[in-house]
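# Summary of structural features
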Amino acid sequence: FLQKMAQADIDEGLYSRQLYVIDHDAMRRMGKADVLIAGMRGLGVEIAKNVILAGVRSVTIQDEGVVQWRDLSSQFYLKEADLGQNRALCSEKQLSSLNVYVRVSAWTNKLDEDFLSKFQVVVLTNSPLEEQLHVGAFCHSNNIKFIVADTRGLCGQLFCDFGESFEVRDTNGETPVSAMIAHISKDNPGIVTCTDEESHEFTDGMFVNFSEIQGMTELNSYGPIEIKVRGSYSFSICDTSNFSEYVKGGVVTEVKQSEILSFKPLNVALDEAIRDPGLVEMTDYGKTQRHLSLHLAFQALHRFTQKYSRAPHPRSQAGAEELVAITKELCKDAKFDELDEDAVRQLSLVASGDLAPVSAFIGGLAAQEVVKACSGKFTPLRQWLYFDALECLPQENDGVLSEDACAPRDSRYDGQISVFGSAFQDKLKKQNYFLVGAGAIGCELLKNFALIGLGAGEGGNITVTDMDSIERSNLNRQFLFHSKDIGRLKSEVAAESVKEMNPYMNITAHQNRVCPETEEVYTHSFYSNLDGVAAALDNVDARVYLDQCCVRNKKPMLEGGTLGSKGHTLVVVPHLTESYGPSTSGGQKAIPICTLKNFPHRIEHTLQWARDQFEGLFKQTAENVNNFLSDPTFVDRTVARGDVEAVEILEGVYRILGEEWPQNWADCVSWARRQWETLYNNQIKQLLHCFPRDQVTSSGLPFWMGAKRCPDPLTFDTNNTTHMDFIVAAANLYGQIYGITGSRNRADIQSILQGVKVPEFTPKSSVKIAVTDQELKEENEERKEEDKVKLEMLKEKLSKLQLKDQSFRMHPQEFEKDDDSNFHMDYIVATSNLRAENYNIPTADRHKSKLIAGRIIPAIATTTAAIAGLMCLELYKLVQGHQKITSYRNAYINLATQYFVLSQPCVAPTYTVSDEATHLSPSNMLVIMFIYLYYYYFIIILATSIYFSNNNNSKDNNSYIVNKILKMKIKC
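Quick notes on the rules
- Residues numbered from 1 in each chain as written.
- Predicted model: local features only at pLDDT ≥ 70, side-chain atom pairs only at ≥ 80, totals over all residues.
- Heavy atoms only, no water.
- Pairing = 2+ DSSP bridges.
- Helix = DSSP H or I, 4+ residues; strand = E, 2+ residues; numbered from the N terminus.
- Contact = heavy atoms within 4.5 Å.
- Axes fitted to C-alpha atoms, helices over the stretch in contact; angles between N-to-C directions.
- Phe/Tyr/Trp six-rings, centres within 6.5 Å; stacked < 30°, edge-to-face > 60°.
- Buried < 20%, exposed > 50% of the residue type's maximum accessible area, 1.4 Å probe, protein only.
- Lys NZ or Arg CZ within 6 Å of the ring centre and 35° of its normal.
- UniProt positions renumbered as here; feature names shortened; annotations may be inferred.
- Arc of directions from axis to C-beta.
- Parallel < 35°, antiparallel > 145°, perpendicular 65-115°, else oblique.
- Left-handed = near helix turned anticlockwise from the far one by under 90°.
- Nonpolar A, V, L, I, M, F, W, Y, C, P; charged D, E, K, R; others polar.
- 1 Å grid on protein atoms, 1.4 Å probe; cavity = no way out; pocket = protein on both sides within 12 Å on 5 of 7 lines; lining within 4 Å.
- Points joined across faces, edges and corners; volume = space filled by probe spheres on them.
- Polar contact = N/O pair within 3.5 Å; in protein donor to acceptor, adjacent residues only side chain to side chain.
- Salt bridge = Lys/Arg side-chain N within 4 Å of Asp/Glu carboxyl O.

## A short note on the sheet that holds strand S16 (residues 280-281)
With mixed pairing, the eight strands of this open sheet are ordered in space as S3-S2-S1-S4-S5-S6-S17-S16. Edge positions in the sheet fall to strand S3 (103-107) and S16, since each has one partner strand and no second. Relative to strand S4 (residues 121-125), strand S1 (residues 34-38) is paired through four bridges, and the arrangement is parallel. Counted as the bridge partner of Ala38 is Leu124 from S4. Contacts from helix H9 (residues 288-308) reach strand S5 (145-152), strand S6 (155-161), S16 and strand S17 (384-388) within the one sheet, and its direction differs from that of S17 by about 90°.

## Notes on the packing of aromatic side chains
All told, the structure shown has 46 aromatic pairs when counted by the stated rule. Judged by centre distance (5.2 Å) and plane angle (75°), the ring pair of Phe115 and Phe119 falls under edge-to-face. Of the residues examined, Phe119 reaches a relative accessible area of 6% and is grouped as buried. Measuring from ring centre to ring centre gives 5.9 Å for Trp661 and Tyr738, while their planes differ by 35°; the resulting arrangement is tilted. In this pair, Trp661 sits in the loop between helix H22 (643-657) and helix H23 (665-690) while Tyr738 sits in helix H24 (residues 721-738), placing the two residues 77 residues apart along the sequence. Exposure remark for Trp661: the relative accessible area of 24% places this residue in the partly exposed category. Sitting over the face of the ring of Phe263, Arg382 holds its NZ or CZ atom 5.8 Å from the ring centroid. The ring of Trp609 has Arg835 sitting right over it, with the charged end atom 4.1 Å from the ring centre.

## Quick word on the UniProt feature "active site" (unreviewed entry) in the chain
In the numbering used here, UniProt assigns the feature "active site" (unreviewed entry) to Cys594. Take Cys594: it is sitting in helix H19 (residues 593-597). For Cys594, the contacting residues outside a window of four places in its chain are Phe599, Ala770, Val771, Thr772, Asp773 and Leu776.

## A look at helix H8 (residues 266-275)
For H8, the full list of buried residues reads Leu266, Ala269, Leu270, Ala273 and Ile274. Angularly, the buried residues of H8 cover 130° about the axis, an arc narrow enough to put them on a single face.

## So, the sheet that holds strand S25 (residues 899-903)
Spatially, eight strands are ordered S20-S19-S18-S21-S22-S23-S24-S25 in an open sheet, and the strand pairing comes out mixed. The open sheet has two free edges, formed respectively by strand S20 (507-510) and S25, since each of these has just one partner strand. Across the sheet, the mean angle from the axis of one strand to that of its neighbour is 10°, orientation sign disregarded. One ladder, built from seven bridges, connects strand S22 (residues 557-563) with strand S23 (residues 566-572); its direction is antiparallel. Opposite Leu558, over in S23, you have Val571 as the bridge partner.

## Quick word on unusual backbone geometry
The residue after Asn188, namely Pro189, is reached through a cis peptide bond having omega 5°. Topologically, Pro189 is positioned in the loop between strand S8 (178-184) and strand S9 (191-194). Cis rather than trans, the peptide bond between Arg382 and Gln383 has omega equal to -10°. In this fold, Gln383 is placed in the loop between helix H12 (356-375) and S17. For Asn143, which is not glycine, the phi torsion reads 55° and is therefore positive. Here Asn143 lies in the loop between helix H7 (129-141) and S5. For Arg855, which is not glycine, the phi dihedral falls at a positive 50°. Its place among the elements puts Arg855 in the loop between helix H29 (846-853) and helix H30 (861-880).

## Notes on the packing of helix H20 (residues 603-630) against H23
Packing of H20 against H23 leaves a shortest axis separation of 14 Å and a crossing angle of 140°. In terms of orientation, H20 lies oblique with respect to H23. Between H20 and H23 lies a crossing whose hand is right-handed. Contact residues: Trp609, Gln613, Leu617 and Phe618 in H20; Trp671, Gln675, Leu679 and Tyr680 in H23. Partitioning the contact of H20 with H23 into residue classes produces six nonpolar, two polar and no charged.

## Details of the UniProt feature "transmembrane region" (unreviewed entry) in the chain
Following the UniProt record, the feature "transmembrane region" (unreviewed entry) maps to residues 856-879, 891-913 and 925-948 here. In residues 856-879, helix accounts for 79% and strand for 0%; the two terminal C-alpha atoms are 35 Å from one another.

## A short note on empty space enclosed by the protein
In this structure the tally under the stated criterion is three cavities of 30 Å³ or more. In this model, the second largest cavity occupies a volume close to 70 Å³. As for the second largest cavity, its lining consists of Phe387, Ala389, Glu391, Thr569, Leu870, Leu873, Glu874, Lys877, Arg889, Ala891 and Leu902. In terms of residues, the lining of the second largest cavity owes the most to one element, H30, which gives four residues. For the lining of the second largest cavity, a count of residues per class yields six nonpolar, one polar and four charged.

## Side note on the environment of Arg641
Tracing the sequence through the fold places Arg641 in the loop between helix H21 (634-639) and H22. A polar atom in the side chain of Arg641 sits 2.6 Å from the side chain of Glu645.

## Comments concerning the pattern of salt bridges
For the structure shown, the criterion picks out 54 salt bridges. Taking the shortest distance from any N to any O, the salt bridge between Lys328 and Glu341 comes out at 3.2 Å. Of the two residues, Lys328 sits in helix H10 (residues 317-334) while Glu341 sits in helix H11 (residues 341-350), which places them 13 residues apart along the sequence. Residue Lys328 is classed as partly exposed on the basis of its relative accessible area, which comes to 37%. Since its relative accessible area comes to 27%, Glu341 is described here as partly exposed. In this structure, the salt-bridge partner of Glu604 is Arg602, at a minimum N-O distance of 3.4 Å.

And the structure:
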């Protein structure tokens, strides 16, 4: 109750996906933070958008400047009508609409110390170095978290100073590691051996707690113990030589340790970064020296801007050489002799640019640092980060861009033209792209597409498809949607939103799933008209299928995905890079059937069992009944699936149409009560009858040890909240599938329960329970004859069933985790926790249960924005037609721990076909195989038809046809 009361201040319906990334306590700390974001160009508004969605208490946006043409290249809340007006004021209203729980205000004056002192976090974007140093010094001395973010064309910079003593409560945000114990030695140090079900995930230096140990009980009350890993199944702990002998059982669980971090102020970190490269976080390990060069080059850029009151002109060679000269002076002072002069020149050539993808990436990272500063969750950046995507620039054979080609044109794309030139902008406008998915990544991609002008000209178009409708939980990270849009189709609303950002966008909204069933819509002709495909999907199977379509039609594909603070991107270029390829992973490891049925030892097992119960009782059986009632061939089709499965299905149909058919609400309650007794008392008694508590294995070891927890039957109690939760949810769901109206009135339900007669249960010695899935398979084989007899009896019984109402149909329940009124999660939580109580497994609250049983993908806007930015940087290369694999990047990032891997894609595999080397993806080999089979099939048919048309009976049929085939093959 206290936990529920404490969580009541957080809107779980809105923040549900984010709460699986940032826990309730961290969210509460964020809810007390006031954040200042200075500078409302593209980078500033990106940070503000992500921070507001995350849910701090207030965000103040500050900017003294007015809207210019170049701002429209990356600032998605500015319009042409806003030119000449204050950027902060123009952005305030739309930022305010992102989250009703966050106060948003605009400030158009200078930053003074009185104003700065109102905030817990201050972020400066695109600000001069003098201002950074002044504000940074004030923040450091007043314990205000300070962040600097800057983008210059294809380069970006990030700096964090969280003060002298900053506590990180959770360094990585990962679920604490745990394992079942098989043995603990009496030794110094003691050696803990885990069960061999799977290797443990502990690492050196972790701290752990022990529980449920029998024998060496001293460890159950021992404080957190530091461990040292000795192998995949063992680790050492403290001195256990004076403890009691270990008997059996036990669980070891990681205990998260907080850390205190100290940060250097900006003026110190600025000078020490070259001497201490540990202060500079790597975003691309192939560019280590370039990152250090950019550290000095950004300082040189500030000096250049102070001298000329502007950045170097686009593509100005004179400006580039002057910037190199200034950077060399800084190198002398810093005693740095590994300057990457080419990188400095390229920075100068693009420094006046303002690109949406770079703002999205750096803005996502900067916003995540704000979240860390406010919540104490995750490891902050320490302290500099540099990023560049200079490989996006035209390759050597594309010619050199001139100053005229990159000069401003009073266009909404001026910030992009200054980097890539006007001809490239025209090419972007003519692109035809297919975006699959309009969820979180899809919204971010569409925003970037609108800003860069993809498909925004004559002949260009974006086709976006998504079959889902907008739900409230989407609003926390899918920023194109608002409360008024709930219930509408995602693709339609997303298309409307980006048209408001860029009225020149050509966009078509579809509501189709991309799958084999829609190949009549997404035909070869459809793909032939595309320049590329972007995948914003949330499951592997859909990605694999879309990849196959792209391979088949030789179209490039951009693919990205997120999981909480983690994200990845993949670029697929026909004939150049490896494709996404067939799925090599089944996703989550399947839980053995016998573990689910009889031997659970983790809450994940009980939740999966509860989900299976839901699907079987309230969905699959009801669907089977409807098929039986409407399809005369249902029984025959079911029998064809095999005796074991057929018996299970037909027994369910007969039971639900016969003895278990409720006539009223009281019958539903009665069914739920008997169901409770069967699941939590009778089945456990039968299991203990087959395997008593003192059972030993053939090797003399206790049967109930390690991963096998010995269960206890439960006794029903109407005063037990969880017991009644099960009855209320189960009875209502059972009534729903029959069309019977239920009730939540617990007093009435308890009154009905008093009259329910629960049959006595006696365990049977004839019952066999399989311990392993292999035993289960063997038992199924042994009872084949028995199943055949059962099957014939069931077929006869079903043939004699007579329904009073021939139009009767059941109402199968499609599991929906986000509707708190439908009893679905009520049933899952109660069913799982009662099972956990049987086996003495720690229970899970509704929030955790929804994550596991609902198979929710944790998500936060910061990661989504960063991933979409990286994907669009690869888009630049695709549109230019880069043919060097060295210019492309796949990425894996973890914003929680500042982990970045940007790597060159794998080369497309080479296969030999007809003595010629050919680049093919693995999935394309299937296409080749079918072509060859079709080719030979065609020749055989043709040769056969020629033979019969000639009616040459004088020749041997077979030899004649074979000879004809060989001759035709040579000609082909």
